[in-house]
Amino acid sequence: GSGEARVVNLGGVTWGKATLQPGWKWSKDVKPITKTESCQAPHLLYVISGRMHVVLDDGTEEEYGPGDLGSIPPGHDAWVVGNEPVVNIDVTAAGVWAKPA
């Protein structure tokens, strides 16, 4: 699986649109880049389409689908659920989520 992000800065806020393909998983596809045990970027996201499952380091699990808003703190793994790509808008950390620590 693979992911693609487009990032733009508007009004001092970093907006990112991510498209995550079926099979994408943070710990498989991004962890080798960031070299952290889990994603350390906070996310404030709006899901346009697809479903994404998130597990926090404390074991808490959430699932997000079309139209859902989510606030995901640092320290999590996430993956695409099912056969539809996840398209979401991330308005907090899009400039950070795939950068090396």
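Note: the structure precedes this text.
The structure presented is a predicted model; accordingly, all values stated were derived computationally and were not measured.

Visitor: Please clarify how the sheet that holds strand E3 (residues 43-49) should be interpreted in this entry.
Guide: Across a sheet, paired strands are connected by hydrogen bonds in the backbone, their directions being either parallel or antiparallel. Taking strand neighbours across the sheet as the criterion, the 5 strands line up as E1-E2-E8-E3-E6 in an open arrangement whose pairing is antiparallel. A strand with exactly one partner marks an edge of an open sheet, and here the two such strands are strand E1 (3-10) and strand E6 (69-72). On average, each strand axis in the sheet is inclined to that of its neighbour by 25°, with strand direction left out of account. As judged from the 8 bridges shared by E1 and strand E2 (residues 13-20), these two strands associate in the antiparallel manner.

Visitor: I tried to follow the sheet that holds strand E4 (residues 51-56) on my own but got confused; where do I start?
Guide: The antiparallel open sheet is built from 3 strands, whose spatial order is E5-E4-E7. Single-partner strands in this sheet number two, and they are strand E5 (61-64) and strand E7 (76-81). Here the strands of the sheet are splayed against their neighbours by 20° on average, with no regard to which way each runs. Relative to E5, E4 runs antiparallel, the two sharing 4 bridges. Directly across from Met52, in E5, lies its bridge partner Tyr64.

Visitor: Would you mind showing me how to read the side chain of Asp77 here?
Guide: Looking at the element boundaries, Asp77 is found in strand E7. Nearest to the buried, unbridged Asp77 among oppositely charged side chains is Lys25, at 4.2 Å. A distance of 2.8 Å separates a polar atom in the side chain of Asp77 from a polar atom in the side chain of Ser27. Residues contacting Asp77, with those up to four places away along its chain left out, are Lys25, Trp26, Ser27, His53, Val54 and Val55.

Visitor: For this particular structure, what's the right way to read unusual backbone geometry?
Guide: Excluding glycine, residues mostly have negative phi values, and the peptide bonds linking residues are mostly trans. For Lys35, which is not glycine, the phi dihedral falls at a positive 60°. Relative to the elements of secondary structure, Lys35 occurs in the loop between helix H2 (31-34) and E3.

Criteria and cut-off values
- Residues numbered from 1 in each chain as written.
- Predicted model: local features only at pLDDT ≥ 70, side-chain atom pairs only at ≥ 80, totals over all residues.
- Heavy atoms only, no water.
- Pairing = 2+ DSSP bridges.
- Helix = DSSP H or I, 4+ residues; strand = E, 2+ residues; numbered from the N terminus.
- Axes fitted to C-alpha atoms, helices over the stretch in contact; angles between N-to-C directions.
- Buried < 20%, exposed > 50% of the residue type's maximum accessible area, 1.4 Å probe, protein only.
- Lys, Arg positive; Asp, Glu negative; His and termini not counted.
- Salt bridge = Lys/Arg side-chain N within 4 Å of Asp/Glu carboxyl O.
- Polar contact = N/O pair within 3.5 Å; in protein donor to acceptor, adjacent residues only side chain to side chain.
- Contact = heavy atoms within 4.5 Å.

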